[in-house]
Amino acid sequence: MKTNKILTLLIATCLLVTLLSGCSKNKKEKITDIIQGAETVIVKGVQTDTVEASLGAFEGKQGDYIEFRFDKPQTFNTIFITEKTATIRQYNIYAEIDGKTTLIYTGKHILNDNITVAETTSSAIKLEVVNTQIGNDHFVIQGVSVYNIPKGE
């Protein structure tokens, strides 16, 4: 009986270590969400320091936005957005490149897919909700993640 418990614990530990191990071919390179390293988060024009905002969660109406500002430029090529309400009908993603705000992506509906953009190095990233569903101007974004995924991964 005691041997079964020890064996079960050993197997569970091995499975946990396997699951938490990186899948990258280059073991030194980890893929991290650069949003979590933002120095400043601005929601609808107001700087905020809530945990939710630091993970990209916010709610609002057509025209509202969330912006992430970094202490040094960050490089990325993949964005993932999670929307709870499914009311967003158009959104824009901007990057501040060399002090100039540049539109890097426009989307219609937020789906659970990675948004792939050209590799961009930016000191700020902004997600703006341009249009919402007619008759339902409220939306809820549950999170925004931004990654630099090496080619071939």
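Just above sits the structure.
Attention in this report is confined to the structure presented alongside it. (Residues numbered from 1 in each chain as written. Predicted model: local features only at pLDDT ≥ 70, side-chain atom pairs only at ≥ 80, totals over all residues. Heavy atoms only, no water.)

This next bit is on the side chain of Ser145. Position of Ser145 relative to the elements: it lies in strand β8 (residues 138-147). When neighbours within four sequence positions are excluded, Ser145 is seen to be in contact with Asp33, Ile35, Thr78, Ile79 and Phe80. (Helix = DSSP H or I, 4+ residues; strand = E, 2+ residues; numbered from the N terminus. Contact = heavy atoms within 4.5 Å.)

Pairing is possible between side chains of opposite charge, provided their charged atoms come close. If you walk through the whole model with that rule in mind, you get 2 salt bridges. Residue Glu67 pairs with Arg69 through a salt bridge whose shortest N-O separation is 2.6 Å. Here Arg69 ties to Glu96 by a salt bridge, and the two come within 3.0 Å at their closest N and O atoms. With a gap of 27 residues between them, Arg69 in strand β4 (residues 65-83) and Glu96 in strand β5 (residues 88-97) connect regions that are remote in the sequence. Classification of Glu96 as buried rests on a relative accessible area of 16%. Because the salt bridges share partners, they merge into one network encompassing Glu67, Arg69 and Glu96. (Salt bridge = Lys/Arg side-chain N within 4 Å of Asp/Glu carboxyl O. Buried < 20%, exposed > 50% of the residue type's maximum accessible area, 1.4 Å probe, protein only.)

Bridge count for β5 against strand β6 (residues 100-107) is 7 bridges, and the pairing is antiparallel. Note that in β6 the partner of Ile93 across the bridge is Tyr105. Counted along the chain from β5 to the antiparallel partner β6, the turn is 2 residues long, and its residue Asp98 has a positive phi close to 50°. (Pairing = 2+ DSSP bridges.)

The element β5 is extensively covered by neighbouring structure, given that 7 of its 10 residues are classed as buried. Direction of pairing for β5 relative to strand β7 (residues 115-132): antiparallel, over a ladder of 8 bridges. Following the sheet pairing, Tyr91 is matched in β7 by Val129.

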